[in-house]
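Residue-level listing of the chains:
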Amino acid sequence: MRWWDWRPLAGFGAGFVAAWAAGLTVQTSALLGLMIAAGVLLLTRLDGTPDPGWARDRLDRRHGARGEVQDLAWAMVGRDGRIGERVLRRLREVARSRLARHGLTIDDPETETLLGTRAVRTLTRTRAPLPTVADVVHTLDVLDRLGPRRATPNDDGAPADD
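Since the structure is predicted, the reported quantities are computational estimates derived from the model, not experimental observations.

Calculation rules
- Residues numbered from 1 in each chain as written.
- Predicted model: local features only at pLDDT ≥ 70, side-chain atom pairs only at ≥ 80, totals over all residues.
- Heavy atoms only, no water.
- Phe/Tyr/Trp six-rings, centres within 6.5 Å; stacked < 30°, edge-to-face > 60°.
- Helix = DSSP H or I, 4+ residues; strand = E, 2+ residues; numbered from the N terminus.
- Buried < 20%, exposed > 50% of the residue type's maximum accessible area, 1.4 Å probe, protein only.
- Lys, Arg positive; Asp, Glu negative; His and termini not counted.
- Salt bridge = Lys/Arg side-chain N within 4 Å of Asp/Glu carboxyl O.
- Polar contact = N/O pair within 3.5 Å; in protein donor to acceptor, adjacent residues only side chain to side chain.
- Contact = heavy atoms within 4.5 Å.
- Axes fitted to C-alpha atoms, helices over the stretch in contact; angles between N-to-C directions.
- Parallel < 35°, antiparallel > 145°, perpendicular 65-115°, else oblique.
- Left-handed = near helix turned anticlockwise from the far one by under 90°.
- Nonpolar A, V, L, I, M, F, W, Y, C, P; charged D, E, K, R; others polar.
- Core = buried A, V, L, I, M, F, W, Y, C linked by side-chain atoms within 4.5 Å.

Draft legend 1. Fine view of the packing of aromatic side chains. For the structure shown, the criterion picks out 1 aromatic pair. Ring geometry for F12 and F16: centres 6.2 Å apart, planes at 20°, overall stacked. Residue F12 and its partner F16 are located together in helix α1 (residues 7–21), separated by 4 residues, close to a single helical turn. On the basis of relative accessible area, F12 is assigned to the partly exposed category, the value being 27%. The exposure class assigned to F16 is partly exposed, which follows from its relative accessible area of 25%.

Draft legend 2. Molecular detail of the side chain of R92. Looking at where R92 falls in the secondary structure, it is placed in helix α4 (residues 85–101). Buried within the structure, R92 lacks any salt-bridge partner; its nearest side chain of opposite charge belongs to E85, at an N-O separation of 4.1 Å. A polar atom in the side chain of R92 sits 2.8 Å from the backbone oxygen of L123. Apart from the residues lying within four places of it in its own chain, the contact partners of R92 are E85, I106, L123, T124, R125 and T126.

Draft legend 3. Focus on the packing of α4 against helix α7 (residues 133–146). It is the contact of α4 with α7, at a shortest axis distance of 11 Å, that shows an interaxial angle of 20°. When the axes of α4 and α7 are compared, the pair comes out roughly parallel. Both α4 and α7 take part in a crossing whose hand is left-handed. Counted together, L91, V94, A95, R98 and L99 of α4 and V136, T139, L140, L143, D144 and L146 of α7 form the full contact between these two elements. Its residues placed into classes, the contact of α4 with α7 shows 8 nonpolar, 1 polar and 2 charged.

Draft legend 4. Representation of the nonpolar core within the structure. By size, the foremost hydrophobic cluster in this structure holds 16 residues, and its most contacted members are L91, L99, L115, L123 and L143. At the level of secondary structure, the elements contributing two or more residues to this core comprise α4, α6 (117–124) and α7. Considering each element in turn, this core owes the most residues, 5 residues, to α4. Ignoring anything within four residues of it in the chain, the contact list for L91 reads T122, L123, V136, T139, L140 and L143.

Draft legend 5. Structural detail: the side chain of R98. Take R98: it is sitting in helix α4. For R98, the side chain forms a polar contact with the main-chain oxygen of L143, separated by 2.7 Å.

Draft legend 6. Seen up close, the pattern of salt bridges. Enumeration according to the criterion identifies 4 salt bridges in this entry. Between D5 and R7 there is a salt bridge; the shortest N-O distance is 3.1 Å. Here R7 falls in the partly exposed class, since its relative accessible area comes to 36%. Among the charged side chains, a salt-bridge network with shared partners connects D5, R7 and R45.

Draft legend 7. Highlighting the packing of α6 against α7. Put simply, α6 and α7 touch, their axes get as near as 9 Å, and they point 115° apart. By the angle between their directions, the pair α6 and α7 is classed as roughly perpendicular. Helix-helix and strand crossings are classified by hand; for α6 and α7 the assignment is left-handed. Counted together, R118, A119, T122 and L123 of α6 and A134, D135, H138, T139 and V142 of α7 form the full contact between these two elements.

Here you go:
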């Protein structure tokens, strides 16, 4: 194992001799030689290869997979006990698809009679403050009670059985 390196000593000597030959005093030449020796020492100890990055595993998440639910759960509560923007966007997507099955959009006037004022206000909020977790839970309950399909009337006017 090599514990002694001659290059800083050679740098000190070269710097001292060059400065002394240029007419500087012995103290100034020694100081310049020490600075050159420190620079040589620094340059010989530096490693120029970059650090290897972390190898990240890319998980292929399928729609509705457990990871998606976990991500939404973590994003559920933001600052001040209010939900995050990501959850609100996802809630709007669910509401749009559920309402589309009933032939409605969020902006239709019939939507408020079907879902209620609180749920429509939660879905159409565009300014701060974001809805609370209780508002989101209420809206999810209303959308869940709405059902996946619109009840179609039979020939006699009664709703169809599923």
